[in-house]
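Overview (structure and organization)
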Amino acid sequence: MSERLTIVIAAFNEADNLPLLHPRIAAVLEPLHDLDAQVLYVDDGSSDDTWRVMQQLAASDRRVAVLRLSRNFGKELALTAGLDRVDEGGALILDADGQDPPELIPQFVAKWREGYDDVHGTRLEREGEGWIKRSTAHAFYRVIGRLSRTPIPADTGDFRLLSPRALSALRQLRERHRFMKGLFGWVGFNSVAIPYHRAPRAAGHSKFNFWRLWNLALEGITSFSTAPLRLATYLGLLTALTAFVYGAAVILKALFWGDPVAGWPTMMSVILFLGGVQLIALGVIGEYLGRLYDESKQRPLYLVDTWQPAAGVSSGQAPLAEGDGHAHRTTTARSQSA
């Protein structure tokens, strides 16, 4: 019996890239006769023709399944929705922009068959990206690698193959603020890296601007490390110690040398400095508190609008993902929203 592999591709406004990417995937899968493969495209609430392109691909290729979310939930949750639909075999995550080469799929499958549960691609270089983005990405992976006790491979994105037991373990992690690279590392099991050169985007431009990348970095650090809280504590202690030492010096100078105590400029400088340190500490605490607030509401991770299984792959119904009971329709039925 051949092994099942589902290639999961989350897309947001990638109507230009998908027609270029799918023929490459089909060409790779064609000679793999001993692999029962399908492709699952997830539309993350796109505003262009991405969904129409996905439906065209599904109509022309019986191995293609398509899933449409009710709105844009973000890449991390779109990936979660796609992985939740993989009910049998392994899953390979591929970006929709064509930068991660599907031509490496046979190498990933070979490592999977050797017994590895997490086969991930590690970038040797990032073509088509400016030096600022490359430098900040390089720095981020090094910083989070030092701050977090969860192993997060450097220069490694979502391009990876997960075994069935890795997928099963990942489904147990249902937090709302999801940093998938950290979740993959937290699951553990046997992992191996495959180095590769990342190509430029096939078409269009990246949806991740610097602001979104900054927020993603904050998500990763606060999700997998309490170091910022500890840093705020150390900063407060250091500031208090400095203030005590400076206050004692001012009092001694006034008592023994009769030096006048510095007036308004010094006082304002001290007040502004202490106020800034306090606001930074409150901001760090607020980041963690906001995440606790979101978790406490227990909302579904995402809502499904349309689910269309692959026509040429026989399988049972995938396990219901979070949000399916609230709003879901297939090509044959539609249920009421909660």
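Nothing here was measured: the structure is a model prediction, and the numbers come from that model.

Turning our attention to the overall build of the protein chain. A tally of regular secondary structure across the protein chain gives 10 helices and eight strands. Looking at the protein chain residue by residue over its 338 residues, the buried ones come to 45%. Across the protein chain, every contact between residues at least 6 apart in sequence was considered, and the portion connecting residues at least 24 apart equals 80%. Summed over all atoms, the accessible surface of the protein chain reaches about 17600 Å², with 61% contributed by carbon and sulfur.

Ile7, Ile9, Ile25, Tyr41 and Leu92 are the most contacted members of the largest nonpolar core, which has 36 residues in total. Taken together, the elements giving at least two residues each to this core come down to strand S1 (3-11), helix H1 (18-29), strand S2 (35-43), helix H2 (50-60), strand S3 (64-69), helix H4 (105-113), strand S6 (156-162) and strand S7 (191-198).

Per the stated rule, a full pass over the model turns up two aromatic pairs. With centroids separated by 5.3 Å and ring planes inclined at 80°, the aromatic side chains of Phe159 and Tyr196 adopt a geometry described as edge-to-face. Placement of Phe159 in strand S6 and of Tyr196 in strand S7 is noted, with a sequence separation of 37 residues between them. One exposure class covers both Phe159 and Tyr196, and it is buried. Cluster of aromatic residues (ring-pair linked, three or more members): Phe108, Phe159 and Tyr196.

In this section: the pairing of S1. Every regular strand shows the same layout, with side chains that alternate between the two sheet faces. Of all nine residues making up S1, eight are buried, and the element is well covered by its neighbours. In the classification by handedness, the crossover that spans S1, the intervening H1 and the parallel S2 is right-handed. By the bridge criterion, four bridges tie S1 to strand S4 (residues 90-93) in an arrangement that is parallel. Its bridge partner being in S4, Thr6 is matched across the sheet by Ala91.

On to the packing of helix H6 (residues 164-171) against helix H7 (residues 180-187), then. Axis separation between H6 and H7 bottoms out at 10 Å; the angle between their running directions is 115°. For the crossing formed where H6 meets H7, the hand is right-handed. Along its contact with H6, which presents Ala166, Ala169 and Leu170, the element H7 presents Met180, Leu183, Phe184 and Val187. Grouping the constituent residues of the contact of H6 with H7 by class yields seven nonpolar, no polar and no charged.

The next point concerns the packing of H1 against H2. Direction vectors running N to C along H1 and H2 enclose 30°, while the axes themselves pass 10 Å from each other. Relative to H2, the element H1 is oriented roughly parallel. Of the two possible hands of crossing, H1 and H2 adopt the one that is right-handed. On H2, the residues that touch Leu18, Pro19 and His22 of H1 are Thr50, Val53, Met54 and Leu57. Of the residues assigned to the contact of H1 with H2, the class counts are five nonpolar, two polar and no charged.

All buried positions along H6 are accounted for by Ala166, Leu167, Ala169 and Leu170. The buried side chains of H6 occupy one side of the element, clustering within an arc of 165° when seen end-on. In the core, the buried residues of H6 are packed alongside helix H3 (75-84), S4, S6 and H7.

In this section: unusual backbone geometry. With phi around 55°, Asn13 is a residue other than glycine that occupies positive phi space. Mapped onto the secondary structure, Asn13 falls in the loop between S1 and H1.

Reading the values: the criteria
- Residues numbered from 1 in each chain as written.
- Predicted model: local features only at pLDDT ≥ 70, side-chain atom pairs only at ≥ 80, totals over all residues.
- Heavy atoms only, no water.
- Helix = DSSP H or I, 4+ residues; strand = E, 2+ residues; numbered from the N terminus.
- Buried < 20%, exposed > 50% of the residue type's maximum accessible area, 1.4 Å probe, protein only.
- Contact = heavy atoms within 4.5 Å.
- Areas by Shrake-Rupley, 256 points an atom, 1.4 Å probe, with all protein chains shown as cover.
- Core = buried A, V, L, I, M, F, W, Y, C linked by side-chain atoms within 4.5 Å.
- Phe/Tyr/Trp six-rings, centres within 6.5 Å; stacked < 30°, edge-to-face > 60°.
- Right-handed = clockwise from strand over helix to strand, strands pointing away.
- Pairing = 2+ DSSP bridges.
- Axes fitted to C-alpha atoms, helices over the stretch in contact; angles between N-to-C directions.
- Left-handed = near helix turned anticlockwise from the far one by under 90°.
- Nonpolar A, V, L, I, M, F, W, Y, C, P; charged D, E, K, R; others polar.
- Parallel < 35°, antiparallel > 145°, perpendicular 65-115°, else oblique.
- Arc of directions from axis to C-beta.

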